[in-house]
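Analysis of the macromolecular model
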Amino acid sequence: MQLKIQKTILLLVAVIISLTLNAKEGMYLPMLLKKINASDMQAMGMRITAEEIYSVNQASLKDAIVHFGGGCTAELVSEKGLLLTNHHCGYRSIQKHSTIEHDYLTDGFWAKSLEEELPNDGLTATILQRMEDVTAQVLAGIKPEMDEKERQELMDKNIKKLTQTDDNSKFHLVEIKAFYYGNQYILMESIVFYDVRLVGSPPSNIGKFGGDTDNWMWPRHTGDFSVFRIYADKDNNPADYSKENTPYKPKKHLKISLQGYQPEDFTMVFGYPGTTQEYLPSAAIQTIVEVVNPFKIDLRRQKLDIMAEQMDKDPKIRIQYSAKYAGVANGWKKWIGENRGIKRLNTIQNKRIEEKEFALWARDHGYGDLIQELNTLYEQLRPYELAASYFFEAGYYQDIIRFAYSFQTVAKFSGKKEIDQEKFQLAVKSLKGSIKGFYKDFDIDVEKNLLNATISAYTKFPETTIPIPSTIAPLKSKNQEEIDEWIDKMFSKSIFADEAKLANFIENYSSGKFKTIQKDPVYQLALSYYQNYFDHIMNPLLNYQSQIDVLMRKYMQAQIEINAGQYLFPDANSTLRVSYGKVENYEPRDGVIYNYFTTLEGIIEKENPEIYDYVVEEKLKQLYISKDYGRYADADGSMHTCFIASNHTSGGNSGSPVLNAEGHLIGLNFDRNWEGTMSDLDYDPNQCRNITVDIRYCLFIIDKFAGAQHLIEEMDIID
Ligand code: ARG
Ligand code: GLU
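Let me begin by describing the structure that accompanies this report. These numbers were taken from a predicted model, which means no experiment stands behind them.

Moving on, we get to the site of ligand 1. By nearness alone, every residue bordering ligand 1 is listed as His88, Lys208, Gly211, Asp212, Asn215, Trp216, Ala326, Asn330, Ser654, Phe670 and Asp671. Residue Asp212 places a side-chain N or O atom 2.8 Å away from a nitrogen atom belonging to ligand 1. Interatomic distance of 2.8 Å between a side-chain N/O atom of Asp671 and a nitrogen atom of ligand 1. Here ligand 1, which alone exposes 340 Å², has 88% of that area covered by the protein. For the shell around ligand 1, the secondary structure elements donating two or more residues are α10 (211–214), α12 (315–345) and β20 (665–672). The residue inventory of the shell around ligand 1, partitioned by class, reads 3 nonpolar, 5 polar and 3 charged.

In terms of residue burial, strand β21 (residues 690–694) counts as a mostly covered element, since 5 of its 5 residues are buried. Here β21 shows a buried face lined by Asn690, Thr692 and Asp694 and a second buried face lined by Ile691 and Val693. Direction of pairing for β20 relative to β21: antiparallel, over a ladder of 5 bridges. Looking at the pairing, Gly667 lines up with Asp694 of β21.

The next point concerns the site of ligand 2. By nearness alone, every residue bordering ligand 2 is listed as His88, Trp216, Thr649, Ser650, Gly651, Gly652, Asn653, Ser654, Phe670, Asp671 and Arg672. Phe670 has a polar backbone atom sitting 2.9 Å from a nitrogen atom of ligand 2. Protein contact buries 92% of the 290 Å² of open area that ligand 2 shows by itself. Broken down by element, the shell around ligand 2 gets its largest block of residues, 3 residues, from β20. A per-class count over the shell around ligand 2 returns 2 nonpolar, 7 polar and 2 charged.

Attention shifts here to the state of the cysteines. Within this structure, the stated rule accounts for 1 disulfide. One disulfide bridge connects Cys72 with Cys89, the sulfur atoms lying 2.2 Å from each other. Looking down the S-S bond of the Cys72 and Cys89 bridge, the torsion is -80 degrees, so its handedness is left-handed. Taken together, the residues Cys72 in strand β2 (residues 72–76) and Cys89 in helix α5 (residues 87–96) connect sequence positions 17 residues apart. A single burial state applies to Cys72 and to Cys89, both of which are buried. Cys688 carries a free sulfur, and the closest cysteine sulfur to it, the one in Cys642, is 18 Å from it. Of the residues examined, Cys688 reaches a relative accessible area of 3% and is grouped as buried.

Glycine aside, residues mostly have negative phi, and peptide bonds are mostly found in the trans state. Cis geometry is found at the peptide bond from Trp218 to Pro219, where omega equals 0 degrees. Mapped onto the fold, Pro219 is located in the loop between α10 and β10 (226–232). One non-glycine residue, Tyr180, lies in positive phi territory at about 50 degrees. Given a relative accessible area of 10%, Tyr180 falls into the buried group. The backbone of Glu264 sits at a positive phi, close to 80 degrees, despite the residue not being glycine. If you trace the backbone, Glu264 turns up in the loop between β12 (256–257) and β13 (266–271).

Rules behind the numbers
Residues numbered from 1 in each chain as written. Chains lettered and ligands numbered in written order. Predicted model: local features only at pLDDT ≥ 70, side-chain atom pairs only at ≥ 80, totals over all residues. Heavy atoms only, no water. Near = heavy atom within 4 Å. Polar contact = N/O pair within 3.5 Å; in protein donor to acceptor, adjacent residues only side chain to side chain. Areas by Shrake-Rupley, 256 points an atom, 1.4 Å probe, with all protein chains shown as cover. Helix = DSSP H or I, 4+ residues; strand = E, 2+ residues; numbered from the N terminus. Nonpolar A, V, L, I, M, F, W, Y, C, P; charged D, E, K, R; others polar. Buried < 20%, exposed > 50% of the residue type's maximum accessible area, 1.4 Å probe, protein only. Pairing = 2+ DSSP bridges. Disulfide = S-S within 2.5 Å.

By themselves, these figures tell us nothing about what the structure is for.
This is the structure:
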């Protein structure tokens, strides 16, 4: 969404009108659909009402939408708490249950009965109960002459009052989220389930078919789904895991349609998009695409090469690093697409032109030199943003760094004579509990190579005024071999090199032993990374950022004012949203048209037993040959795998239900196309498509491939 200036509005009206019929930018608040979007949605073909989507008084579709693990979306599809989400959203859980002997990642997993469903420590399922605009209450008493500190303190007080309830347990969540950079506040009340079990997952060469090669790309053939179940206590309330818990009975579950879709059909996506930044000024976009993204892309490429080399050689390492690899690869590829898209759309130039016009308007409307001030601050912020990226990409995301640093929780007690025994024991216990999990997915050679790459990169940090961590500063002039030697030496003297040693050390830990941790070279490395961040980066970063926040609040307010009469959708902020659009082709390049759906045919076409990402299961091939698709075949006789539509989605929308005009489930959202990944910053209705796995393909896999008919029987399927 670009800032639209009055003068250009007239010109744009024609364009906007023609676009509404095709593609819809924006992710909208369910509680405002009735007022803002319903008639538009119905004009585009929707046949249900806004109340059927969101209501607080009666069961509505929103009661079937789940925030899954905080980072994905899932949906309830049966009376017994059955959940569908993406394979990549369940990936960590599937991976954690996987070993060489029970390799669920490779072979898939299907619980044959409730008893066989696998609990997942730490996994949550959150269901929104209601949302309410509380802007007036949050801003009560705020006066224009107040300084920011006073303003914030009063707001904090107001927010505290508003979020106090009779039930402040972890099962009942009341939070207030800022919208439009603090121009609007909305209260979200949810219930949180902690007993969420793994029910089924296809093998990776279905659930992750195409892997990171096809990730963020269309045409796509990924069966990106997995199945979980929410359990509740005997009164159907959220509870911690217990054997006694029984399947949750939801207020609403989604009906599933086997009807498929045609081009131009209405679709909507209901889920939890994480972050978009559609209203940023050009200077901020410049930091992202010209400074931060290039560094991250380059370093991640190196990390990926290192992991891939060892994963290819050793199946154990493949399991250990598969989730880590996928995480690194996902960001890497997205940012490449984002940079290309921003360039192609000419976003920075376009925003600059608009900002010039805005500056004139602003002066006459009491906003002063807002753009100039923002530009200055973003320039001052830039080196610190880059420094923070160095800390995160070359430090924090390095698992060994984060793990070693976690020992600071016990080491810090030990210098003191008087220690709080209870807290101390708790810290020791938590470390004890983390060791096994950490080393399950740790290979020292891979880790050493990764460290080499990240240290080499860190020593090349271009900003001279911000120091790099003291431990690695002396390595600035060293070559790769010398750094290798340095790393080898460090590990040879470290307890972190040996799981058994470390476990033993912590098993018999007493506060007098803190020196062993403090003197450990890996611990020292980790500490120096964090210390450097705390001492030289964090405060300036926060300081500039908070000044920017104040200006962005005003800038956003101005953008709303300029666009008076035209509703601007709020940026995504991990709150429940509805996006809507149509099933549509697109033209990625001159002369090329991408069709809106793919089929099993394409899987067979892509098959290559030599390449991990393109291995096809024998059984799937047999089903293809015998065309045994049952009722899941499309009217054209083929097995549709994925389809695209013009719904505006973002990270966090993974696993979101894609619904048809009747509000029935037709697929699970799992990705965007590469040409469209800049949509977090700038949406292009011609290029941006969300990618969905066809629900009929998921059911076909569950039924025909996995033979888990009991799950099919549980669901509400409309032929
Ligand atoms: N790109 C999708 C998303 O952002 C899928 C990521 C998981 N898949 C993968 N091959 N890494 O989450
Ligand atoms: N794969 C993304 C996720 O995990 C969704 C795709 C996107 O970013 O649009 O949320």
